[in-house]
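Below are the chains, spelled out letter by letter.
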Amino acid sequence: MDITVEELKQRLDAGEQFNFLDVREEYEFDEQNLGAKLIPLGELPDRLDEIEAWKDAEVVVHCRSGARSGRAKAFMESQGFTNVRNVIGGILAYNELD
């Protein structure tokens, strides 16, 4: 079940701690980030061990528009992650909230 930007904003505003992954490139992350762990999509297969502990927990994944995070979600599920949620519309949609 994916997550809306509205739900994400509520959780961030509340200071909730959750497993949060950004699969954009480093230059995009440097321009704006929401406090997620950065692992660019292309590096994800080689860096899965960094998030191995998240396998059975909820993981919220975002990118710029939702496309790369959708691919990351599919890959992570194929690797045994059980509760991956893609941020619908990505950071672009998140920025339109205010």
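Scroll up for the structure.
Here goes a summary of the coordinates provided. Positions within a chain are numbered from 1, following the residues in the order the chain's sequence is written. Thresholds applied to this predicted model are a pLDDT of at least 70 for local features of residues and 80 or more for the giving and counting of side-chain atom pairs; totals over whole chains, interfaces and linings are not thresholded and use all residues. Values reported for side chains reflect all heavy atoms of the structure, with hydrogen atoms and water molecules removed beforehand.

**Focus: helix α1 (residues 5–13)**
Residues that lie three or four places apart on an α-helix share one face, since the helix turns once every 3.6 residues. Put simply, the test is: Exposure categories follow from relative accessible area, calculated using a 1.4 Å probe and restricted to protein chains: below 20% of the type maximum is buried, above 50% is exposed, and the middle band is partly exposed. Going along the chain from the N terminus, every DSSP run of H or I of four or more residues is numbered as a helix, and every run of E of two or more is numbered as a strand. Arc definition: it is the arc formed by the directions from the helix axis to the C-beta atoms. Between two residues, a contact is recorded if the distance between any of their heavy atoms is within 4.5 Å.
Taken as a whole, α1 has its buried residues at Val-5, Leu-8 and Arg-11. Mapping the buried residues of α1 onto a view down its axis gives an arc of 125 degrees, with all of them on the same face. Across α1 from its buried face, at more than 90 degrees, point the exposed residues Gln-10 and Asp-13. Buried positions along α1 lie against β1 (19–22), β3 (58–62), β4 (83–86) and α5 (90–95). Within two residues after α1, Gly-15 carries a phi angle of roughly 75 degrees, on the positive side.

**What about the packing of aromatic side chains?**
Convention followed: Each Phe, Tyr or Trp ring (for Trp, its six-membered ring) is paired with any other whose centre lies within 6.5 Å, and the angle between the two planes then decides the class: stacked below 30 degrees, edge-to-face above 60, tilted in between. We call a charge positioned over a ring when the NZ of a Lys or the CZ of an Arg lies within 6 Å of the ring centre and within 35 degrees of the ring normal.
A complete count under the given rule lists one aromatic pair for this structure. Both rings, one in Phe-18 and one in Phe-20, keep their centres 5.2 Å apart while their planes meet at 45 degrees; by these two values the pair is tilted. For the pair shown, Phe-18 and Phe-20 are each scored as buried. Across the ring face of Phe-18, the terminal group of Arg-11 is positioned such that the distance to the ring centre comes to 4.6 Å.

**What to know about the environment of Gly-89**
As for its position among the elements, Gly-89 is in the loop between β4 and α5. Linking Gly-89 and Ala-74, residues 15 residues apart in sequence, is a C-alpha distance of 16 Å. Among all residues touching Gly-89, those that are not within four sequence positions of it are Arg-64, Ser-65 and Gly-66.

**Some remarks on the pattern of salt bridges**
Side chains that carry opposite charge are capable of pairing whenever their charged atoms lie near each other. What counts here: The working definition used for a salt bridge is a side-chain nitrogen of Lys or Arg within 4 Å of a carboxyl oxygen of Asp or Glu.
For the coordinates displayed, the defined rule picks out 13 salt bridges. Taking the shortest distance from any N to any O, the salt bridge between Arg-85 and Glu-7 comes out at 3.3 Å. Taken together, the residues span a long stretch of sequence, with Arg-85 in strand β4 and Glu-7 in helix α1 at a distance of 78 residues. Under the relative-accessibility criterion, Arg-85 is labelled buried at 11%. With a shortest N-O distance of 2.6 Å, Glu-58 and Arg-11 are connected by a salt bridge.

Remember that the coordinates give geometry; whether it matters functionally is a separate question.
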